[in-house]
Amino acid sequence: MPEIDYLSQAKELKEELVRIRRDIHMHPELGMEEHRTSALVEAYLQSLGLETKRVAGTGIIGIFGGVGAGKTVGLRADMDALPLSDEKKVEYASCVPGKMHACGHDAHTACLLVAAKLLTQYQATLPGHIKFFFQPAEETDGGALPMIEEGAMESPHVDAVFALHCDESIEAGQVGVTHGQTNAAADTFEVIIHGKSCHGAAPHEGIDAIVVVAQVINALQSIVSRNVDPVDSVVVTIGMLRGGYKENIIADRAELSGTIRTLSPVTREIVRERVERTIKGVAGAMGASAEVRLTRGYPCLINDRSMADLVVATGKKVLGENHVVLDSKPSLGVEDFAYFLEKAPGAFFRLGVKNEKKGIVHPAHSSLFDIDEDALPVGAAMMAQIATAYLQNSARG
Ligand SMILES: [Zn+2]
Ligand SMILES: [Zn+2]
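J.: I'd like a rundown of the nonpolar core, residues and numbers included.
T.: Residues Leu-75, Cys-111, Leu-112, Ala-115, Ala-380, Met-383 and Ala-387 are the most contacted members of the largest nonpolar core, which totals 88 residues. Two domains each provide a minimum of three residues to this core, namely domain 1 (6-183 + 300-396) and domain 2 (185-296). When residues no more than four places from it in sequence are discounted, the contact partners of Ala-380 are Ala-10, Leu-17, Cys-111, Val-114, Ala-115 and Leu-118.

Pasting the structure below:
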């Protein structure tokens, strides 16, 4: 098969990329409500002659059967917007008050649709198969896990999986790839301290839940500093605290909640256990008791090293040697693409969307977030080339 220049082809489709991105941008939909977006995705994939399946409510899978038995590669885009009002002064700003594509998922969807278009030209020659995953609800409860539970990674079994995310810290025209730890796992904890109420002037007759919770908060600070390897990174944040009734009543109850962020599965289990033990131990030592509820959120996102190498090689080939930002620090933010990476090796990479000259500098989740649309052909070409390279490399053995 001759060398394919996906970037030139994607640049020729820039108008179409911009049209799709702006259409979705103007009509943002929150997690599990992506009805318009998924109908658009489904119609587009079907217009390319691809078989489509609906999964996890508003999720869509496009299935591309190439040549021979071959491997199957999965490419994923998320589709949901955020509950935020768009304050950009542009003609393609959100038409829906209180909803906005402020994380770039509109761009992810546009890039993957056009990548599918680029790839279908070579359906008769590509050795293997491709699944295009259009996922709901990355920003809320997560659409990745329900898609996987409904069989997205099977029949045909997906051997490798890739996704991109807009990054406002990287210049448009570049991509960023990290080997190994890329995003954190998030767990939440909710705590109720039970004490005993009495008159505020006779504290010895009660158990003051306010004083107990103060000690609990202090003790939790020592987990990161004393229980975690200093070269590892962990966050234990208490974001909510509530308790008490009146200035002269000893409180019999106090509540707090927080989030735990960890970058490795081993550290995750250690910190979860320490948080629970510390809260119960401190409360018990002071004569109170504590109910602790720990809830698991998205897992750690860990890029497979050889798959990250494949993305690096693709970036250098498609964009040039100096256009790949290597191994920037992992983020303690979360990303539910991690669930796909628990099922198959793969990599999550960053698509540069920043352009200071155009005033495109605002961070994701900001009401002024935008992308340099010159990044769209880059994203589409990267996805198409990654799938092609993976399948060709696998066919060569
Ligand atoms: Zn986001
Ligand atoms: Zn996002």
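Now, onward.
J.: Break down the domain arrangement of the protein for me, with residues and values.
T.: Each assigned domain of the protein is listed here: domain 1 (6-183 + 300-396) and domain 2 (185-296). Partitioning the side of domain 1 that touches domain 2 into residue classes produces four nonpolar, one polar and no charged.

J.: Any chance you could break down helix 10 (residues 375-396) for me, citing the residues and the numbers?
T.: Over its 22 residues, helix 10 runs 31 Å from end to end, which matches the ideal 32 Å to within 8%, given 1.5 Å per residue. The buried fraction of helix 10 is high, at 16 of 22 residues. Two residues or fewer after helix 10 comes Gly-397, characterised by a positive phi angle close to 85 degrees.

J.: Now, about the packing of helix 2 (residues 14-26) against helix 10: what can you tell me, with residues and values included?
T.: At a minimum axis distance of 9 Å, the contact between helix 2 and helix 10 shows a crossing angle of 100 degrees. Here helix 2 lies roughly perpendicular to helix 10, going by the angle between them. Touching Lys-14, Leu-17, Val-18 and Arg-21 of helix 2 are Leu-376, Pro-377 and Ala-380, all from helix 10. Each residue belonging to the contact of helix 2 with helix 10 can be placed in one class, and the counts come to five nonpolar, no polar and two charged.

J.: Describe unusual backbone geometry, and please don't skip the residues or the numbers.
T.: Cis peptide bonds are those with omega within 30 degrees of zero, and the linkage from Ser-155 to Pro-156 qualifies with -5 degrees. Mapped onto the secondary structure, Pro-156 falls in the loop between helix 5 (144-149) and strand 5 (160-171). Positive phi is not limited to glycine here, since Ala-56 has a value of about 50 degrees. Examined against the element boundaries, Ala-56 turns out to sit in the loop between strand 1 (51-55) and strand 2 (59-65).

Scoring rules and cut-offs
- Residues numbered from 1 in each chain as written.
- Chains lettered and ligands numbered in written order.
- Predicted model: local features only at pLDDT ≥ 70, side-chain atom pairs only at ≥ 80, totals over all residues.
- Core = buried A, V, L, I, M, F, W, Y, C linked by C-beta atoms within 7 Å.
- Buried ≥ 20, exposed ≤ 12 C-beta atoms within 10 Å, placed from the backbone.
- Domains from an automatic or database assignment.
- Contact = placed C-beta atoms within 7 Å.
- Nonpolar A, V, L, I, M, F, W, Y, C, P; charged D, E, K, R; others polar.
- Helix = DSSP H or I, 4+ residues; strand = E, 2+ residues; numbered from the N terminus.
- Expected span 1.5 Å × (residues − 1).
- Axes fitted to C-alpha atoms, helices over the stretch in contact; angles between N-to-C directions.
- Parallel < 35°, antiparallel > 145°, perpendicular 65-115°, else oblique.

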